[in-house]
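Spelled out from the first residue to the last, the chains are:
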Amino acid sequence: DSDMRILERQLNGLQRHWGRQLPAGDVHSLFQSYAVQPTIVEESGQKKLNWSFDVSGFSPENVSIRTQNGKLEVVAKHSEKSEHHQQFKEFTRIVGIREGAQLEGMASKLNEKGMLTIEVPYSPPAIEQKPTETVIPIQHE
């Protein structure tokens, strides 16, 4: 919730800076539309969370992945300097990791087209079954 308030303040600052409105609507909905959700795949009876990121245009040695406090962070950076110009670009995605993800089994692959795939074994948390009917005994006096 506090993250959304920070994003809302930043969005409002950008709106003031640009002097126009950004896409209308609830800020939470706006950012949710850009959120990266994992797909759930099943291989040999084992479920996995799977994220894909396009990091083409970045050298593999300039791409990093880490987890911290229930979040997955992917960062890629590229910079070029010449006598007449300087260019810098950065890619950052921070996504929540679902409960039930087994981080010790996390693996990543970067293909020749620059698609980064991250997989982590996943065991969905058990859903507690609540009884739909409860019989209340009657005490006789």
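Residues numbered from 1 in each chain as written. Predicted model: local features only at pLDDT ≥ 70, side-chain atom pairs only at ≥ 80, totals over all residues. Heavy atoms only, no water.

1. Things to note about the packing of aromatic side chains
- Under the criterion given, the structure shown has one aromatic pair.
- Relative to Phe 91, the ring of Phe 53 lies with its centre 6.3 Å away and its plane at 75°, an arrangement referred to as edge-to-face. Placement of the pair is Phe 53 in strand S2 (residues 46-54) and Phe 91 in strand S5 (residues 86-96), with a sequence separation of 38 residues.
- Its relative accessible area of 3% is what places Phe 53 among the buried residues.
- Take Phe 91: its relative accessible area is 11%, and that puts it in the buried class.
- Sitting above the plane of the Phe 58 ring, Lys 89 keeps its charged end 5.0 Å from the centroid. (Phe/Tyr/Trp six-rings, centres within 6.5 Å; stacked < 30°, edge-to-face > 60°. Helix = DSSP H or I, 4+ residues; strand = E, 2+ residues; numbered from the N terminus. Buried < 20%, exposed > 50% of the residue type's maximum accessible area, 1.4 Å probe, protein only. Lys NZ or Arg CZ within 6 Å of the ring centre and 35° of its normal.)

2. Structural notes on the pattern of salt bridges
- What the rule picks out here adds up to three salt bridges.
- A salt bridge links Glu 43 to Lys 48, with the nearest nitrogen and oxygen atoms 3.6 Å apart.
- Its relative accessible area of 41% is what places Glu 43 among the partly exposed residues.
- A salt bridge links Glu 73 to Arg 66, with the shortest nitrogen-to-oxygen separation between them at 2.8 Å.
- The network of salt bridges with common partners includes Glu 43, Lys 48 and Glu 119. (Salt bridge = Lys/Arg side-chain N within 4 Å of Asp/Glu carboxyl O.)

3. Quick notes on the pairing of strand S1 (residues 39-43)
- Strand direction decides the pairing type here: S1 and S2, joined by five bridges, are antiparallel. From the neighbouring strand, Glu 42 faces S2, where its bridge partner is Lys 47.
- Counting the residues between successive antiparallel strands, the hairpin from S1 to S2 contains two residues, one of them, Ser 44, with a positive phi of roughly 50°. (Pairing = 2+ DSSP bridges.)

4. Here we look at the sheet that holds S5
- The strand order across the open sheet formed by three strands is S3-S4-S5, and the pairing between neighbours is antiparallel. The open sheet is flanked by strand S3 (63-68) and S5, the only strands paired with a single partner. Averaged over all pairs of adjacent strands, the angle between their axes in this sheet comes to 15°, without regard to strand direction.
- Relative to strand S4 (residues 71-81), S3 runs antiparallel, the two sharing six bridges. Note that in S4 the partner of Thr 67 across the bridge is Leu 72. (Axes fitted to C-alpha atoms, helices over the stretch in contact; angles between N-to-C directions.)

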